[in-house]
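Coordinate analysis (summary)
Here is how the chains run, residue by residue.
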Amino acid sequence: EHFGWSFVLSSFLPKAEILESADVDPEAEDWVAVDGAYWREPEGPGSSYKFRENHPVVHVSHRDAAEYCKWMGKRLPGEWEWEAAARAGHFGPKNRTLFPWGEEGTVEVAKQYANLWGNGAFPWENHAEDGWRGTSPVKTFPPNAYGFYDMTGNVWEWMRGGKHKARIVRGGSYVDSLDGSFNHAATLGARATMHGTTGTGNVGFRCAKPPKRKVEHDFVYHDEETQGQLAIEDEYGNTKQIPRRDTNEYVTVEEDEDDDEFSNDLNEKSDDEPEYVEMTRRQDETRKKKRVVKQRTRLSNEL
């Protein structure tokens, strides 16, 4: 919307005359820059998204997608997340598959599971073996074992991460082939990069929201003489400086009986021992532990 144009597949143009004057993508000449094309008018002025409300939204840039996800309280999925969702437990090496439905790479089988181009010559012959020439409604094809739809085909999906000039998309789209003879091979590993400002008729996105992470705690030793007295914080944020025995915010560790012999040996001062040997822990002294949030040991690099 900001630039006022977006890429439309040449065979989807409303008027053939547009091909004579419009610019094309130098790396993909079948995609034409159409003035006025955006998500409400996917093929340009005069077209409409009406009757396609259940189709994936297209003509959105990476920033458009990320801002929408943020507005919804979610975010774009990372590549690791997307890969795990797409493969649905088939990570290999024994059960890894090329496609969501298995290893069979024929149009007769694929048309039951994904929206791809088919046997026709790209970009002018689409026989719609799967029932669709362009995008298809979400949930048209069966989900994978994890319940996710359209992880292969229909539209490419923006991923979280990457650089502005090389944002990542995954999944393939309706213009891709099974064997990669034209465009990309629509396998579970299909991956491409494009400029973050790119808007086109075969790129969309999905939102992701991670489950609430379980907070893990650990106990560490706490020296009240140097680190201050332990305090209990209640649900309202109030602190109590004297710990209560009936809480689990701290535990006390009694000195081991085996330490008595060691302590007695230290207390038996010899003539040639220095003075600081007398500074030993009393037998009746206890060490306290405080409960702290356990730090995560693995952080995602998909920023």
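Look above for the structure.
Throughout what follows, the structure given in this document is the object of discussion.

About the thresholds
- Residues numbered from 1 in each chain as written.
- Predicted model: local features only at pLDDT ≥ 70, side-chain atom pairs only at ≥ 80, totals over all residues.
- Heavy atoms only, no water.
- Helix = DSSP H or I, 4+ residues; strand = E, 2+ residues; numbered from the N terminus.
- Buried < 20%, exposed > 50% of the residue type's maximum accessible area, 1.4 Å probe, protein only.
- Contact = heavy atoms within 4.5 Å.
- Pairing = 2+ DSSP bridges.
- Salt bridge = Lys/Arg side-chain N within 4 Å of Asp/Glu carboxyl O.
- Axes fitted to C-alpha atoms, helices over the stretch in contact; angles between N-to-C directions.
- Core = buried A, V, L, I, M, F, W, Y, C linked by side-chain atoms within 4.5 Å.
- Phe/Tyr/Trp six-rings, centres within 6.5 Å; stacked < 30°, edge-to-face > 60°.

**Observations regarding the overall build of the protein**
A tally of regular secondary structure across the protein gives 6 helices and 12 strands. Classification of the 303 residues of the protein by burial places 35% in the buried group. Considering only residue pairs separated by 6 or more positions, the protein has 61% of its internal contacts joining residues 24 or more positions apart.

**Describing the pairing of strand β6 (residues 191-194)**
The alternating pattern of β6 places A192 and M194 on a buried face, while none of R191 and T193, on the opposite face, is buried. As paired elements, strand β5 (residues 166-170) and β6 share 4 bridges and run antiparallel to each other. Paired with I168 across the strands is T193, a residue of β6.

**Some points on the pattern of salt bridges**
As enumerated under the stated definition, the model contains 7 salt bridges in all. Across the pair R191 and E79 runs a salt bridge whose closest N-O atoms are separated by 2.9 Å. Note that R191 is positioned in strand β6 and E79 in helix α3 (residues 79-87), a separation of 112 residues in sequence. You can call R191 partly exposed: its relative accessible area is 42%. The partner of E83 in a salt bridge is R87, with the nearest N and O atoms 2.6 Å apart. Here R87 and E83 lie together in helix α3, a separation of 4 residues that amounts to about one turn. Relative accessible area serves as the criterion here: at 7%, R87 is assigned to the buried category.

**Here we look at the pairing of strand β1 (residues 5-9)**
In terms of burial, β1 is largely enclosed, as 4 of its 5 residues are buried. As judged from the 5 bridges shared by β1 and strand β3 (residues 28-35), these two strands associate in the antiparallel manner. Residue pairing in the sheet places L9 in a bridge with W31 of β3.

**Observations regarding the sheet that holds β6**
Pairing between sheet strands relies on hydrogen bonds along the backbone, with the strands arranged either parallel or antiparallel. Pairing is mixed in the open sheet, where 4 strands are placed in the order β6-β5-β4-β7. Each having just a single partner strand, β6 and β7 (203-204) make up the two edges of the open sheet. Relative to β5, strand β4 (residues 156-163) runs antiparallel, the two sharing 4 bridges. Each bridged residue has a counterpart across the sheet, and for K163 the counterpart in β5 is A166. Seen against the sheet, α3 touches β4, β5 and β6 and runs at an angle of roughly 10° to β5.

**Some words on the nonpolar core**
Counting 15 residues, the largest nonpolar core has V8, L9, W31, V34, W117, F122 and V175 as the members making the most contacts within it. At the level of secondary structure, the elements contributing two or more residues to this core comprise β1 and β3. Counting residues in hydrophobic clusters, the runner-up holds 12 residues, among them W156, W158, V169 and F205.

**Structural notes on the packing of aromatic side chains**
Across all of its chains, the model carries 10 aromatic pairs by this definition. Considering the side-chain rings of Y38 and W39, the 6.3 Å spacing of their centres and the 75° angle between planes classify their relative orientation as edge-to-face. Residue Y38 is classed as partly exposed on the basis of its relative accessible area, which comes to 22%. Seen from their ring centres, W101 and Y113 are 5.7 Å apart, and the 20° between their planes marks the pair as stacked. In this pair, W101 is assigned in the loop between α3 and α4 (107-110) and Y113 in the loop between α4 and β4, connecting sequence segments 12 residues apart. In this structure W101 comes out as buried when scored by relative accessible area, which is 16%. Here the aromatic residues Y38, W39 and Y49 are joined through ring pairs into a cluster of three or more.

**Notes on unusual backbone geometry**
In this model, F122 is joined to P123 through a cis peptide bond whose omega is 5°. Inspection of the secondary structure assignment puts P123 in the loop between α4 and β4. For A88, which is not glycine, the phi torsion reads 50° and is therefore positive. Owing to a relative accessible area of 9%, A88 belongs among the buried residues under this scheme. The phi angle at D150 is positive, at roughly 55°, despite the residue not being glycine. Secondary-structure assignment places D150 in the loop between α4 and β4.

**A look at the sheet that holds β1**
Spatially, β1-β3-β2 is the arrangement adopted by the 3 strands of the open sheet, whose pairing is antiparallel. One side of each edge strand has no neighbouring strand; the edge strands of this open sheet are β1 and β2 (24-25).

**Thoughts on α3**
The α-helix advances 3.6 residues per turn, and as a result positions three or four apart in sequence lie on the same side. All buried positions along α3 are accounted for by E79, W82, A85, A86 and R87. Packed against the buried residues of α3 are β4, β5 and β6. The first or second residue beyond α3 is A88, which carries a positive phi of 50°.

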